[in-house]
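# Breakdown of the fold
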Amino acid sequence: MAEISEEIEIKANQDVFSETLLHLAHQDRGIVVVTSDSRGSGKLVKFGLELPAQIVEVGIAEQNLVGVAAGLASAGKKAFAVSPACFLTARAFEQIKNDVAYSDNPVKLIGISAGVSYGALGTTHHSLHDFAALRAVNNITIVAPADNFETQELVKQATAYERPIYIRIGKKPMPLLTQDKSNKFEIGKGRVIKEGADIAIIATGETVYPALKAAELLQQHHHIQATVVSMHTIKPLDESLLFKLAEQAGAILTVEEHMVNGGLGEACAAFLLQNAYAKPFKISGIPDEYTVTGSQSAIFDHYGINAQEIAVTVKNMLSV
């Protein structure tokens, strides 16, 4: 597959989300955005100026945000509820569970500034629980796009999606993972970005890029061939792809911008263990401890979520 081009203009996935949604909303007046004093951080100021009849501001009231969006969806609107991921999935958990998932309202829940995107604002603003919390709720799809392409395609598909869906988006500019035009994006299907037989690195969201760079380092300096997968859909997990990776790769490493409890890694581990997987397996993420304070990059470095440290983890797993 094609290598990443560093010459391509890169944007934050939040910018791509808002630009794509605005384009679609001009064509489809059924699209309505609901925000909780988050049109600025959600990059929706232009949306509000150009389509004021298609945006609802509820203020800092996340429970109301989800309730209003559920009501709009029940009336046939394509409702996007946009709020910081940390508050959306904690303060409004009851409404997500009952008004959206249990009531089967196809709300598009958009968790912005996800993971540790807020950096120095600290633990109160980190969303390291959202995968775990929402994986425990029936009837909701969970997706974390890795790059601008995945984000754009996800917004297009989510607009027509007829089930509740939670979309987790970060603030950091993200390079394209590949320029291979045939590497399609589909909700519920992981994307193989790079292929190799020695180990499979399964990552999600903004951790896919450092995982890919780690694979390039491993190939260049240690002749280790790693498969890299963007497992953008956490729920439902692409079990057919995971089973194939378990058969073909010598080991599996998962990488995520989430607590090691209850996220991508544990979802993969549960499936693999129930299918008698017996090869090396490791979860890389944020440990169960008080999270350090710093920029997103500094936090990633501290917990080994960068290309160099992921490469070291792989070498240790393979005892190279």
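Refer to the preceding data block for the structure.
The text that follows walks through the structure, step by step, so that each part is easy to find. Note that the structure is predicted; figures quoted are calculated from it, not measured.

### Focus: the overall build of the protein chain
Helix and strand content of the protein chain: 12 helices and 14 strands. By the compact-globule yardstick of 20 Å for 320 residues, the protein chain fits well, its C-alpha radius of gyration being 19 Å. A principal-axis box enclosing the C-alpha atoms of the protein chain has dimensions of 60 × 40 × 35 Å. Counting all 320 residues of the protein chain, 57% fall into the buried class. Long-range contacts, defined here as pairs at least 24 residues apart, represent 78% of the contacts in the protein chain between residues at least 6 apart. Within the structure as shown, the protein chain displays about 13,000 Å² of accessible surface, and the carbon and sulfur contribution to it stands at 51%. Within the protein chain, the 35 negative side-chain charges are centred at a point lying 3 Å from the centre of the 27 positive side-chain charges.

### Comments concerning empty space enclosed by the protein
Under the criterion given, the structure shown has 1 cavity of 30 Å³ or more. The calculated volume of the largest cavity comes to roughly 80 Å³. Residue lining of the largest cavity: Ala114, Ala144, Pro145, Arg168, Ile169, Gly170, Thr204, Gly205, Glu206 and Glu257, and that is the complete set.

Cut-off values and rules
Residues numbered from 1 in each chain as written. Predicted model: local features only at pLDDT ≥ 70, side-chain atom pairs only at ≥ 80, totals over all residues. Heavy atoms only, no water. Helix = DSSP H or I, 4+ residues; strand = E, 2+ residues; numbered from the N terminus. Rg over C-alpha atoms; globule rule 2.2 N^0.38 Å. Buried < 20%, exposed > 50% of the residue type's maximum accessible area, 1.4 Å probe, protein only. Contact = heavy atoms within 4.5 Å. Areas by Shrake-Rupley, 256 points an atom, 1.4 Å probe, with all protein chains shown as cover. Lys, Arg positive; Asp, Glu negative; His and termini not counted. Charge placed at Lys NZ, Arg CZ, Asp CG, Glu CD. 1 Å grid on protein atoms, 1.4 Å probe; cavity = no way out; pocket = protein on both sides within 12 Å on 5 of 7 lines; lining within 4 Å. Points joined across faces, edges and corners; volume = space filled by probe spheres on them.

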